[in-house]
Amino acid sequence: MFRILVSDAISEEGLAPLRKSEQIEIVQKKVTEVEDQLHEFDALLVRSATKVTEELLSKMPNLKIIGRAGVGVDNIDVEAATKRGIVVINAPNGNTISAAEHTFAMMAALVRHIPQAHISVKSREWNRSAFVGTELQGKHLGIIGFGRIGSEVAKRARAFGMFVHVYDPFLTKEHAEKLGVSIHTLDEVLACSDIITVHTPLTKETKGLLGEKNLAKTKKGVYLINCARGGIIDEQALIPFLQNGHVAGVALDVFEQEPPGDHPLFAFDNVIFTPHLGASTVEAQLNVATQVAEEVLQFLEGKPVTSSINLPTLSKDVYEKIQAFYNLAKKMGTIASQYMNIPVQELSVTYAGTVADLETTYITRSLLAGFLRPRVASTVNEVNAAMIAKERGITYGEKFSDETYGYANCLSLTVHGENKTFTIKGTHIPNYGDRIVHFDGFTIDFAPEGHLLYIQHQDRPGMIGKVGNILGEHQINIATMQVGRQQAGGKAIMMLSLDKPIDDALLQKLTEIEDIETVKRVEV
Ligand SMILES: NC(=O)c1ccc[n+]([C@@H]2O[C@H](COP(=O)([O-])OP(=O)(O)OC[C@H]3O[C@@H](n4cnc5c(N)ncnc54)[C@H](O)[C@@H]3O)[C@@H](O)[C@H]2O)c1
Ligand SMILES: O=C(O)[C@H](O)COP(=O)(O)O
């Protein structure tokens, strides 16, 4: 049974996929109302109101996934979540149109003084001359941040007969041309625009982007809009520019502090506000809630998510293709880690055959997580595996090769430790399963599953019998056994799969058999 905490207002209809599952219990409460139960939740669904801080995460040791029903994740400490192996997902395009339309509504309201006129009429005034506006047609619109929302705003602006000028340092010239806009420097956009709208995420670079210095570079009489994130336009810095009339008006949907309390900008009649309504439409809320609910359900069913902030993205199609290798890689990592139970510096993964054409990043992360799991006390998974490897000084890399050793596909892992290097090779055979076909210099063929016992010995008659007798005496049943040797009478190995694990005393007893060199237990 999984418990999901939904701590912000999320569309009830959108939660339907989760409600259908008998394995899921949904609790719709604010974090503060369930302080004593936080440790029980497996998933957390939020919008922008809940602040998912490191402190909150420390109270939720069972948390596996955070779903943001919306775009911005600046209310989530993604780094802290990643360290804890918690997947963070969002709904990147579910509210794009709503946010773009809201921006446009704000633009029209701003230049035609609609909110002020509305208040005036309701106050029984009829003051037509006080609210003379300006047309949008023929005006120059500066768009800072040209992603999903910025480009939808541009489409609407062109339909209104506006000239669009874009600043986005990450937009290529080719992509901009495809979208029918030309890229400019920030200074050019600031200097030529009658109206400027920001559509970037809030980052270290964009915080205060429109502050005192850049506001001074804008045209006199400029209108400004922020429907992205509070703080991209520095609220305090606006005050002198509004007082001296340099800025003709401002529309804010978002604030540095939400709710803003008694804000100094409330004193200006030419500043209009909405309470973070960009995504507040029935359509957007249904879209974002459905997207995250479906993803969370997928994840809790043990399938990788397709749109994550802290994992490589994976479509359903790609996932289906890599799933088998993802599982094989994890098992190979786990086996290698237990077999090489010494400090290691480097893992090198080689992909050959059909697997080499797939999305290997995800497979490698799975292998890394499998390798680290027996070594670290904390949760380790695809989310934090790379971070944990780095912390432990373990580097890893991928290679590609044509050598498949006669199989359709082959994954090869080489682990470099202090004084020892170990290689394991595996293959996935459709409708048959995973096989390990090479183990530390020996050709072999075993299924990487269950309680494995690895024995390296001298190739002498009777070795199998001796091992079998001791295990039998201790009521340990051998499920399967594979043997391999380099040459007759030389070094040989046995890989046994047992019905139950063996304890340390039995391990020691096996080690004492004459001509046995190494005995290792491996749990997969
Ligand atoms: N008001 C709302 O309710 C509402 C609704 C949806 C989204 N948003 C916010 O709108 C913003 C944009 O959302 P989106 O879906 O278009 O995101 P997006 O990722 O598609 O686009 C963001 C763009 O900003 C650009 N960018 C990043 N750093 C920049 C910088 N320093 N200068 C200029 N451009 C920069 C990126 O290259 C990208 O093209 C986000 O902050 C999001 O949270 C607000
Ligand atoms: O980033 C977003 O998706 C928007 O700001 C919407 O935020 P909300 O879900 O709190 O309305």
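Residue positions within a chain follow its written sequence, with the count starting from 1. Naming scheme: in the order in which they are written, chains are lettered from A and ligands are numbered from 1. A pLDDT threshold of at least 70 governs which residues receive local features in this predicted model, and a stricter bar of 80 or more applies before side-chain atom pairs are shown or counted, although totals over entire chains, interfaces and linings include all residues. Here the side-chain values reflect all heavy atoms present in the structure, with hydrogen atoms and water set aside.

Naming follows an unreviewed UniProt entry, where the protein chain appears as D-3-phosphoglycerate dehydrogenase of Parageobacillus thermoglucosidasius. UniProt positions are given in the numbering used here, feature names are shortened, and annotations may be inferred rather than shown by experiment. Taken from UniProt, the Pathway (unreviewed entry) comment for the protein chain reads in full: "Amino-acid biosynthesis; L-serine biosynthesis; L-serine from 3-phospho-D-glycerate: step 1/3." Database annotation for the protein chain, UniProt heading Function (unreviewed entry): "Catalyzes the reversible oxidation of 3-phospho-D-glycerate to 3-phosphonooxypyruvate, the first step of the phosphorylated L-serine biosynthesis pathway. Also catalyzes the reversible oxidation of 2-hydroxyglutarate to 2-oxoglutarate."

Moving on: the packing of aromatic side chains. Two aromatic rings from Phe, Tyr or Trp, using only the six-membered ring of Trp, form a pair when their centres are within 6.5 Å; if the ring planes differ by under 30 degrees the pair is stacked, by over 60 it is edge-to-face, and anything between is tilted. Summed over all chains, the structure comprises eleven aromatic pairs. With a centroid separation of 4.9 Å and 85 degrees between ring planes, the pair formed by Phe266 and Phe273 is classed as edge-to-face. In this structure an aromatic cluster arises from ring pairing among Tyr339, Phe422, Phe439, Phe446 and Tyr454. For Lys520, the ring lying beneath its charged end belongs to Tyr339, and the centroid distance is 4.6 Å. A positively charged side chain is recorded as over a ring if its NZ (Lys) or CZ (Arg) lies within 6 Å of the ring centre. The angle to the ring normal must also be within 35 degrees.

Here a residue is considered near a molecule or strand provided that any single heavy atom belonging to it is located within 4 Å of it. Neighbouring residues of ligand 2: Arg47, Ser48, Arg68, Ala69, Gly70, Val71, Gly72, Asn95, Arg229, His276 and Ala279. Here an oxygen atom of ligand 2 sits 2.8 Å away from a polar atom, N or O, in the side chain of Arg47. At 2.7 Å, a backbone N or O of Gly72 approaches an oxygen atom of ligand 2. Note on areas: these come from Shrake-Rupley sampling with a 1.4 Å probe, and a residue is covered only by the protein chains present in the view. Within the complex, the protein chains bury 90% of what would otherwise be the 310 Å² of accessible surface of ligand 2. All residues other than Ala, Val, Leu, Ile, Met, Phe, Trp, Tyr, Cys, Pro, Asp, Glu, Lys and Arg, Gly among them, are scored as polar; the first ten of these are nonpolar and the last four charged. Taken together, the residues that form the shell around ligand 2 break down as three nonpolar, five polar and three charged. A 3.5 Å cut-off defines polar contacts: any pair of N or O atoms within that distance qualifies, except that in protein one atom must be a possible hydrogen donor and the other a possible acceptor, and neighbouring residues in sequence count only when both atoms are side-chain atoms.

Let us now look at helix α4 (residues 96-111). The terminal C-alpha atoms of α4, which comprises 16 residues, lie 23 Å apart, in line with the 22 Å expected from a rise of 1.5 Å per residue. Each residue is placed in one exposure class: buried if its accessible area under a 1.4 Å probe, protein chains only, is under 20% of its type's maximum, exposed if it is over 50%, and partly exposed if it falls in between. Numbering of helices and strands runs from the N terminus; a helix is a DSSP stretch of H or I covering at least four residues, while a strand is a stretch of E covering at least two. Counting buried residues in α4 gives twelve out of 16 residues, a clear majority hidden from the surface. For α4, every residue scored as buried is listed here: Thr96, Ser98, Ala99, Ala100, His102, Thr103, Phe104, Met106, Met107, Ala109, Leu110 and Val111. Phi turns positive one or two residues past the end of α4, at His113, with a value near 55 degrees. Here the expected span of a helix is defined as 1.5 Å times the quantity of residues minus one.

Turning next to the nonpolar core. Leu18 and Phe439 are the most contacted members of the largest nonpolar core, which totals 71 residues. Tallying contributions element by element places helix α12 (residues 316-339) first for this core, with ten residues. Boundary definitions for the domains trace back to an automatic or database domain assignment. Two domains each donate at least three residues to this core, and these are domain 1 (1-91 + 281-299) and domain 3 (316-521). We define a nonpolar core as any set of buried Ala, Val, Leu, Ile, Met, Phe, Trp, Tyr and Cys residues linked to one another through side-chain atoms lying within 4.5 Å.

The next point concerns the UniProt feature "domain: ACT" (unreviewed entry) in the protein chain. In the UniProt entry, the feature "domain: ACT" (unreviewed entry) is given for residues 452-524. Split by type, residues 452-524 is 26% helix and 42% strand. Its first and last C-alpha atoms lie 8 Å apart.

With that settled, consider the pairing of strand β3 (residues 43-46). Side chains Ala43 and Leu45 project from β3 onto one buried face, and the interleaved Leu44 and Val46 project onto a second face that is buried too. Note that strand β1 (residues 2-6) and β3 share three bridges and pair parallel. What sits directly across from Leu5, in β3, is Leu44. At least two bridges found by DSSP between two strands are what make those strands a pair. The sheet contact formed by β3 and strand β4 (residues 65-68) spans four bridges and is parallel. Its bridge partner lying in β4, Leu44 is registered against Ile66.

It is worth spelling out the domain arrangement of the protein chain at this point. Each assigned domain of the protein chain is listed here: domain 1 (1-91 + 281-299), domain 2 (94-271) and domain 3 (316-521). In what follows, a contact means two residues having at least one pair of non-hydrogen atoms within 4.5 Å. With eight residues of domain 1 at the interface, the matching set in domain 3 holds seven residues. Once two parts are brought into contact, the accessible area they lose, counted with a 1.4 Å probe and summed over both, makes up the buried area. A buried area of about 570 Å², summed over both sides, lies between domain 1 and domain 3, and 64% of it is on carbon and sulfur atoms. Only one rule defines a salt bridge in this text: a Lys or Arg side-chain nitrogen within 4 Å of an Asp or Glu carboxyl oxygen. At the boundary of domain 1 and domain 3, one finds zero salt bridges. Along the contact surface separating domain 1 from domain 3 lie two residue pairs in polar contact (both at pLDDT 80 or more). The element best represented in the side of domain 1 that touches domain 3 is helix α3 (residues 78-83), accounting for three residues. Its residues assigned to classes, the side of domain 1 that touches domain 3 shows two nonpolar, three polar and three charged.

A word on the confidence of the model for the protein chain. Every residue carries a pLDDT, the predictor's confidence in it, which falls somewhere between 0 and 100. For the protein chain, per-residue confidence averages 95 on the pLDDT scale, and residues scoring 70 or more make up 100% of the total. As scored by the predictor, the complex reaches a pTM of 0.80 and an ipTM of 0.99.

Moving on: the side chain of Arg435. Tracing the chain through its elements places Arg435 in strand β16 (residues 433-439). Within the structure, Arg435 has its side chain in polar contact with the side chain of Asp445 (distance 2.7 Å).

Time to look at the site of ligand 1. What surrounds ligand 1 is a group of 25 residues, the closest being Arg148, Ile149, Asp168, Cys227 and Asp253. Between ligand 1 and the protein, one listed contact pairs an oxygen atom with a backbone N or O atom of Gly72 at 3.4 Å. Cys227 is positioned with one of its backbone polar atoms (N or O) 3.0 Å from a nitrogen atom of ligand 1. Surface burial for ligand 1 is 87%, taken as the share of its 870 Å² of free accessible area covered by protein chains. When the residues that make up the shell around ligand 1 are grouped by side-chain class, the tally is twelve nonpolar, nine polar and four charged.

Here five strands make up an open sheet; going across it, the order is β2-β1-β3-β4-β5 and the pairing parallel. The two strands at the open ends of the sheet, each matched to only one other strand, are β2 (24-28) and β5 (87-90). With strand direction ignored, the average angle separating the axes of adjacent strands in the sheet is 20 degrees. With four bridges connecting them, β4 and β5 associate as parallel partners. Its bridge partner lying in β5, Arg68 is registered against Asn90. Angular values range over 0 to 180 degrees, each being the angle between N-to-C directions of two axes fitted as lines to C-alpha atoms, with helices fitted over their stretch in contact. Strands in contact with helix α11 (residues 282-300) are β1, β2, β3, β4 and β5; relative to β5, the strand with the most contacts, it is inclined by about 155 degrees.

Attention now goes to the pattern of salt bridges. By the definition in use, this model includes 22 salt bridges. Between Glu25 and Arg3 there is a salt bridge, with its nearest N and O atoms 3.0 Å apart. Linking Glu25 in strand β2 with Arg3 in strand β1, this pair joins segments that are 22 residues apart in sequence. Take Arg3: its relative accessible area is 16%, and that puts it in the buried class. In this structure, Asp434 and Lys331 form a salt bridge, with 2.8 Å as the shortest nitrogen-oxygen distance.

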